[in-house]
Amino acid sequence: RCTHELRPSSRAATTLAGYSCVSPVAGLSRNNQVWVYDDWHYRLKLLDAQATEQLTSDDLRLSLGVTAPPDELLVEGNQVLLVFRERGVAAFTNLGQFVGWLPIPAGAHSLYWQQDQLLFRLQDSLYCWRGRGEPAALPLPAIFSPDQLLDVRIAGDRIFFLTRQGISCLPYTYSCHE
């Protein structure tokens, strides 16, 4: 049971079935279990519907040298990503084992998996990464100023831009394939 809405930008104290965390980040796994980051034990944990731990990572203070909680948590397929804005993006298997740091620069935010592409914002630009190589910059339509852009989502052959003025939908023809 949550005492506060779970969302990455929230910094309120949250309790999820007895798991107290200062920085609530959570992600839904394929089998309807929930990945959470436990601030008190510095571990990534997979909880079932009864909030019983199914899997847990090593202590990330020791294995990764992190001391601050992650800013975001994403789950896509067999990967779990912890986003540390000051450090970068740590990738884990669906068994909670650390794989490595992704080539996503520190400071990246608003990460989103879409059509096998990891989209993210860095300063005033939008980037995508396909799982290998370096991230590629996505050209923003000239009709948007970067400071107006709040979020981006891709659905099929359309890209949706959320700005302070509303939502705009355009054809999506760019891919960051190698």
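Residues numbered from 1 in each chain as written. Predicted model: local features only at pLDDT ≥ 70, side-chain atom pairs only at ≥ 80, totals over all residues. Heavy atoms only, no water.

Some words on the sheet that holds strand β17 (residues 166-171)
Where we set the bar: When DSSP finds two or more bridges between two strands, those strands count as paired. Segments assigned H or I by DSSP are reported as helices when at least four residues long, segments assigned E as strands when at least two residues long, and all are numbered from the N terminus. Every axis in this analysis is a line fitted to C-alpha atoms, fitted for helices over the stretch in contact. Angles between the N-to-C directions lie between 0 and 180 degrees.
The three strands are arranged β15-β16-β17 in an open sheet whose pairing can be described as antiparallel. Two strands close off the open sheet at either side, each with one partner strand: β15 (149-155) and β17. On average, each strand axis in the sheet is tilted by 20° relative to the strand beside it, whichever way the strands run. Of the pairings in the sheet, the one linking β15 to strand β16 (residues 158-163) comprises six bridges and is antiparallel in character. Across the sheet, the residue bridging to A155 is R158, located in β16.

A look at the pattern of salt bridges
Our working definition: What counts as a salt bridge is simple: a side-chain nitrogen of Lys or Arg found within 4 Å of a carboxyl oxygen of Asp or Glu. Exposed residues in this analysis have more than 50% of their type's maximum accessible area, buried residues have under 20%, and partly exposed residues fall in between, with area computed by a 1.4 Å probe over protein chains only.
Evaluation of the coordinates by the stated rule reveals four salt bridges. One salt bridge connects R61 with D59, and the closest N-O pair in it is separated by 2.7 Å. According to the relative accessible area criterion, D59 is buried, its value standing at 11%. The closest approach of N and O atoms between R85 and E72, which form a salt bridge, is 3.7 Å. Of this pair, R85 sits in the loop between β8 (79-84) and β9 (88-93) while E72 sits in strand β7 (residues 72-76), and the two are 13 residues apart along the sequence. Shared partners join several salt bridges into a network, and the residues in it are D38, K45 and E53.

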